[in-house]
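Structure at a glance
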Amino acid sequence: MRITISVIAFAVLVVSSASGPALADGAGLYVEKSCIACHGANGNKPVMDAYPRIGGQSEMYILAQMTDIKTGARSNSHSLAMKNIMGNVSDSEMAEIAGWLSKQAQ
Ligand code: HEC
(Lines give C-alpha, C1' and ligand atoms only; values in the text may rest on other atoms or scores of the structure.)
Protein backbone atom coordinates (compact mmCIF):
# COMPACT_ATOMS: atom_id res chain seq x y z
CA MET A 1 0.00 0.00 0.00
CA ARG A 2 2.72 2.41 1.01
CA ILE A 3 4.67 1.61 -2.15
CA THR A 4 1.59 2.21 -4.31
CA ILE A 5 1.09 5.63 -2.75
CA SER A 6 4.72 6.62 -3.32
CA VAL A 7 4.52 5.48 -6.93
CA ILE A 8 1.38 7.53 -7.50
CA ALA A 9 2.92 10.55 -5.75
CA PHE A 10 6.02 10.24 -7.91
CA ALA A 11 3.92 9.96 -11.06
CA VAL A 12 1.93 13.07 -10.13
CA LEU A 13 5.17 14.93 -9.49
CA VAL A 14 6.60 13.95 -12.87
CA VAL A 15 3.41 14.85 -14.75
CA SER A 16 3.01 18.23 -13.03
CA SER A 17 6.62 19.23 -13.56
CA ALA A 18 6.45 18.21 -17.21
CA SER A 19 3.36 20.31 -17.94
CA GLY A 20 4.71 23.74 -18.76
CA PRO A 21 7.04 26.03 -16.87
CA ALA A 22 7.25 25.88 -13.09
CA LEU A 23 4.86 28.18 -11.24
CA ALA A 24 6.58 31.54 -10.97
CA ASP A 25 7.12 33.01 -7.53
CA GLY A 26 5.78 36.38 -6.38
CA ALA A 27 8.81 38.32 -7.59
CA GLY A 28 8.63 36.73 -11.04
CA LEU A 29 4.87 37.19 -11.33
CA TYR A 30 5.17 40.85 -10.32
CA VAL A 31 7.28 41.41 -13.44
CA GLU A 32 5.51 38.91 -15.72
CA LYS A 33 2.04 40.37 -14.99
CA SER A 34 3.40 43.90 -15.57
CA CYS A 35 2.66 45.20 -12.07
CA ILE A 36 6.17 46.65 -12.19
CA ALA A 37 5.23 48.86 -15.16
CA CYS A 38 2.99 51.00 -12.92
CA HIS A 39 4.06 50.34 -9.34
CA GLY A 40 7.81 50.22 -10.03
CA ALA A 41 10.61 48.20 -8.45
CA ASN A 42 9.54 46.41 -5.25
CA GLY A 43 6.17 48.19 -5.47
CA ASN A 44 7.72 51.43 -4.31
CA LYS A 45 8.63 53.42 -7.41
CA PRO A 46 5.26 54.23 -9.01
CA VAL A 47 5.49 55.76 -12.47
CA MET A 48 2.97 58.48 -11.58
CA ASP A 49 2.33 60.28 -8.33
CA ALA A 50 -1.31 59.26 -8.61
CA TYR A 51 -0.28 55.57 -8.40
CA PRO A 52 0.18 54.01 -4.96
CA ARG A 53 3.30 52.59 -3.29
CA ILE A 54 2.44 49.05 -2.29
CA GLY A 55 5.73 47.42 -1.21
CA GLY A 56 5.72 46.57 2.51
CA GLN A 57 1.95 46.95 2.82
CA SER A 58 0.21 44.15 4.71
CA GLU A 59 -0.39 40.98 2.73
CA MET A 60 -4.07 40.85 3.63
CA TYR A 61 -4.66 44.44 2.55
CA ILE A 62 -2.80 44.01 -0.74
CA LEU A 63 -4.77 40.88 -1.58
CA ALA A 64 -8.08 42.52 -0.65
CA GLN A 65 -7.40 45.56 -2.86
CA MET A 66 -6.27 43.44 -5.81
CA THR A 67 -9.43 41.37 -5.49
CA ASP A 68 -11.66 44.45 -5.26
CA ILE A 69 -10.01 46.06 -8.29
CA LYS A 70 -10.32 42.79 -10.23
CA THR A 71 -14.01 42.35 -9.41
CA GLY A 72 -14.82 46.04 -9.82
CA ALA A 73 -15.85 46.48 -6.16
CA ARG A 74 -13.14 49.19 -6.08
CA SER A 75 -13.61 51.26 -9.18
CA ASN A 76 -12.50 54.75 -10.16
CA SER A 77 -10.72 56.47 -13.01
CA HIS A 78 -7.28 55.31 -11.80
CA SER A 79 -8.15 51.73 -10.85
CA LEU A 80 -9.49 51.16 -14.37
CA ALA A 81 -5.89 51.19 -15.67
CA MET A 82 -5.11 48.22 -13.44
CA LYS A 83 -8.41 46.37 -13.85
CA ASN A 84 -7.56 45.54 -17.47
CA ILE A 85 -4.62 43.38 -16.54
CA MET A 86 -6.25 41.73 -13.52
CA GLY A 87 -8.29 39.45 -15.76
CA ASN A 88 -5.01 37.74 -16.53
CA VAL A 89 -4.05 37.19 -12.88
CA SER A 90 -5.47 34.14 -11.07
CA ASP A 91 -6.35 33.97 -7.37
CA SER A 92 -3.29 31.86 -6.57
CA GLU A 93 -1.05 34.25 -8.52
CA MET A 94 -2.54 37.20 -6.60
CA ALA A 95 -1.75 35.43 -3.33
CA GLU A 96 1.86 34.78 -4.42
CA ILE A 97 2.38 38.41 -5.43
CA ALA A 98 0.72 39.79 -2.26
CA GLY A 99 2.98 37.62 -0.09
CA TRP A 100 6.10 38.81 -1.87
CA LEU A 101 5.08 42.50 -1.92
CA SER A 102 4.37 42.49 1.83
CA LYS A 103 7.99 41.48 2.46
CA GLN A 104 9.48 44.39 0.47
CA ALA A 105 10.90 47.44 2.24
CA GLN A 106 8.52 50.39 2.48
C1 HEC B 1 -1.65 50.18 -15.65
C2 HEC B 1 -1.11 50.48 -14.36
C3 HEC B 1 -1.21 49.41 -13.27
C4 HEC B 1 -0.82 48.10 -13.35
C5 HEC B 1 -0.25 47.35 -14.54
C6 HEC B 1 -1.06 47.55 -12.04
N7 HEC B 1 -1.56 48.49 -11.19
FE8 HEC B 1 -2.02 48.25 -9.24
N9 HEC B 1 -2.82 50.10 -9.20
C10 HEC B 1 -2.76 51.02 -10.21
C11 HEC B 1 -3.45 52.22 -9.80
C12 HEC B 1 -3.59 53.48 -10.64
C13 HEC B 1 -3.94 52.00 -8.50
C14 HEC B 1 -4.74 52.96 -7.63
C15 HEC B 1 -6.20 52.87 -8.00
C16 HEC B 1 -7.02 53.88 -7.23
O17 HEC B 1 -6.65 55.07 -7.22
O18 HEC B 1 -8.04 53.48 -6.62
C19 HEC B 1 -3.50 50.65 -8.15
C20 HEC B 1 -3.76 50.06 -6.92
C21 HEC B 1 -3.18 48.89 -6.49
C22 HEC B 1 -3.29 48.36 -5.17
C23 HEC B 1 -4.01 49.00 -3.98
C24 HEC B 1 -3.05 49.95 -3.27
C25 HEC B 1 -3.65 50.66 -2.08
O26 HEC B 1 -2.89 51.32 -1.36
O27 HEC B 1 -4.86 50.58 -1.87
C28 HEC B 1 -2.58 47.20 -5.15
C29 HEC B 1 -2.36 46.27 -3.95
C30 HEC B 1 -2.06 47.00 -6.48
N31 HEC B 1 -2.44 48.04 -7.27
C32 HEC B 1 -1.30 45.92 -6.89
C33 HEC B 1 -1.00 45.63 -8.22
C34 HEC B 1 -0.44 44.38 -8.65
C35 HEC B 1 -0.02 43.26 -7.74
C36 HEC B 1 -0.34 44.44 -10.00
C37 HEC B 1 0.09 43.36 -10.95
C38 HEC B 1 -0.71 42.14 -10.93
C39 HEC B 1 -0.81 45.76 -10.40
N40 HEC B 1 -1.22 46.43 -9.28
C41 HEC B 1 -0.80 46.23 -11.69
C42 HEC B 1 -2.14 50.85 -11.43
C43 HEC B 1 -1.67 49.65 -11.92
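Just so it is clear, the model here is predicted, and its values are computed rather than measured. (Residues numbered from 1 in each chain as written. Predicted model: local features only at pLDDT ≥ 70, side-chain atom pairs only at ≥ 80, totals over all residues.)

1. Quick notes on the environment of Gly-55
For clarity, the threshold we go by: Numbering of helices and strands runs from the N terminus, with a helix taken as a DSSP run of H or I at least four residues long and a strand as a DSSP run of E at least two residues long. Whether a residue is buried, exposed or partly exposed follows from its count of other C-beta atoms within 10 Å of its own C-beta, namely 20 or more, 12 or fewer, or something in between, respectively; the C-beta atoms are built from the backbone. Contact criterion: two residues are in contact if their C-beta atoms, reconstructed from the backbone, are within 7 Å.
With respect to the element layout, Gly-55 can be found in the loop between α3 (35-39) and α4 (59-71). The class for Gly-55 is buried, based on 20 C-beta atoms found within 10 Å. Counting along the chain gives 46 residues from Gly-55 to Leu-101, while the straight-line C-alpha distance between them is 5.0 Å. Residues within four places of Gly-55 in sequence aside, it is in contact with Asn-42, Gly-43, Asn-44, Leu-101, Gln-104, Ala-105 and Gln-106.

2. A few points about the environment of Gln-104
Positionally, Gln-104 belongs in the segment after α6 (91-102). In sequence terms Gln-104 and Gly-43 are 61 residues apart; their C-alpha atoms lie 7.8 Å from each other. The residues touching Gln-104, leaving out its near neighbours within four places in the chain, are Asn-42, Gly-43, Asn-44, Gly-55 and Gly-56.

3. Topic: the site of the ligand
Operational definition: Residues are classed as near a molecule or strand if the C-beta position derived from their backbone is within 6 Å of it.
Taken together, 21 residues sit near the ligand, with Cys-35, Cys-38, Gln-65, His-78 and Met-82 positioned nearest. Listed by contribution, the elements that provide at least two residues to the shell around the ligand are α3, α4 and α5 (79-86).

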